[in-house]
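So you can see what is in the structure, the chains are spelled out below.
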Amino acid sequence: MFLTISLLAKKVKSKHIMVCMESVVSGHRTNMIRERLGEKMEIIRFDPLIQQDSIYKELKKVKSMSAKYKPITRPFRPVSRFAIQ
């Protein structure tokens, strides 16, 4: 009885995943956490190799996060800030 219940139960997918972000300018990499069903991330962050802000694009998925995980909210900076001045 218990064997059939465990086989029929579906594994719950996590709501968040950890992704590897890579700087377009220098190739510096960092990890970020985003929603699993969300679009690929593209953000502006400080790049320590060039000592300036640069665009980071999502490179690949690293791992799924547990259901207990609660993401830290950070202020959103739009990509348009990086436009040619």
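All values derive from a computational prediction rather than experimental measurement. Here the residue numbers are simple positions, counted from 1 along each chain's written sequence. Totals for whole chains, interfaces and linings use all residues, but because this is a predicted model, local features are given only for residues with pLDDT of at least 70 and pairs of side-chain atoms are given and counted only at 80 or more. Where side-chain values are given, they derive from all heavy atoms of the structure, hydrogens and water being excluded.

**Digging into the confidence of the model for the protein chain**
Turning to step 1, where the next piece is worked out: Each residue carries a pLDDT value, the predictor's own confidence for that position, ranging from 0 to 100. Of all residues in the protein chain, 67% have pLDDT values of 70 or greater, and the mean over the chain is 78.
Turning to step 2, where the next piece is worked out: Counting from the N terminus, the helices are DSSP H or I runs at least four residues long and the strands are E runs at least two residues long. Of all secondary-structure elements in the protein chain, the lowest mean pLDDT belongs to helix α1 (residues 2-8), at 60, while strand β3 (residues 42-47) reaches the highest, 91.

**Quick word on the sheet that holds strand β2 (residues 29-35)**
Turning to step 1, where the next piece is worked out: Two strands qualify as a pair provided DSSP detects at least 2 bridges between them. The four strands lie next to each other as β2-β1-β4-β3, forming an open sheet whose pairing is antiparallel. A single partner strand is all that each edge strand has here, and the edge strands are β2 and β3. Sheet twist, expressed as the mean angle between neighbouring strand axes with direction ignored, is 45°.
Turning to step 2, where the next piece is worked out: Both β3 and strand β4 (residues 52-64) contribute to a ladder of six bridges, which runs antiparallel. Within β4, the position partnered with Asp47 by the bridge is Gln52. What counts as an axis is a line fitted to C-alpha atoms, over the stretch in contact for a helix, and the angles between N-to-C directions run from 0 to 180 degrees.

**Here's the deal with the pairing of β4**
Turning to step 1, where the next piece is worked out: Of the strand pairs in this sheet, strand β1 (residues 16-23) and β4 are connected by seven bridges, and their pairing is antiparallel. Within β4, the position partnered with Val19 by the bridge is Lys61.
Turning to step 2, where the next piece is worked out: Between the antiparallel neighbours β3 and β4 lie four residues, among them Gln51 with a positive phi of about 60°.

**A short note on the side chain of Ser23**
Turning to step 1, where the next piece is worked out: You can see Ser23 is positioned in strand β1.
Turning to step 2, where the next piece is worked out: Here Ser23 falls in the buried class, since its relative accessible area comes to 3%.
Turning to step 3, where the next piece is worked out: Counted as a polar contact is a pair of N or O atoms within 3.5 Å, where, for protein atoms, one must be capable of donating a hydrogen and the other of accepting one, and residues adjacent in sequence contribute only when both atoms are in side chains. Within the local environment of Ser23, its side chain forms a polar contact with the backbone nitrogen of Val25, the two atoms lying 3.3 Å apart.
Turning to step 4, where the next piece is worked out: We call two residues in contact when some of their heavy atoms are within 4.5 Å. If we skip the residues at most four places from it in the chain, Ser23 touches His28, Asp47, Ser54, Ile55 and Tyr56. Each residue is placed in one exposure class: buried if its accessible area under a 1.4 Å probe, protein chains only, is under 20% of its type's maximum, exposed if it is over 50%, and partly exposed if it falls in between.

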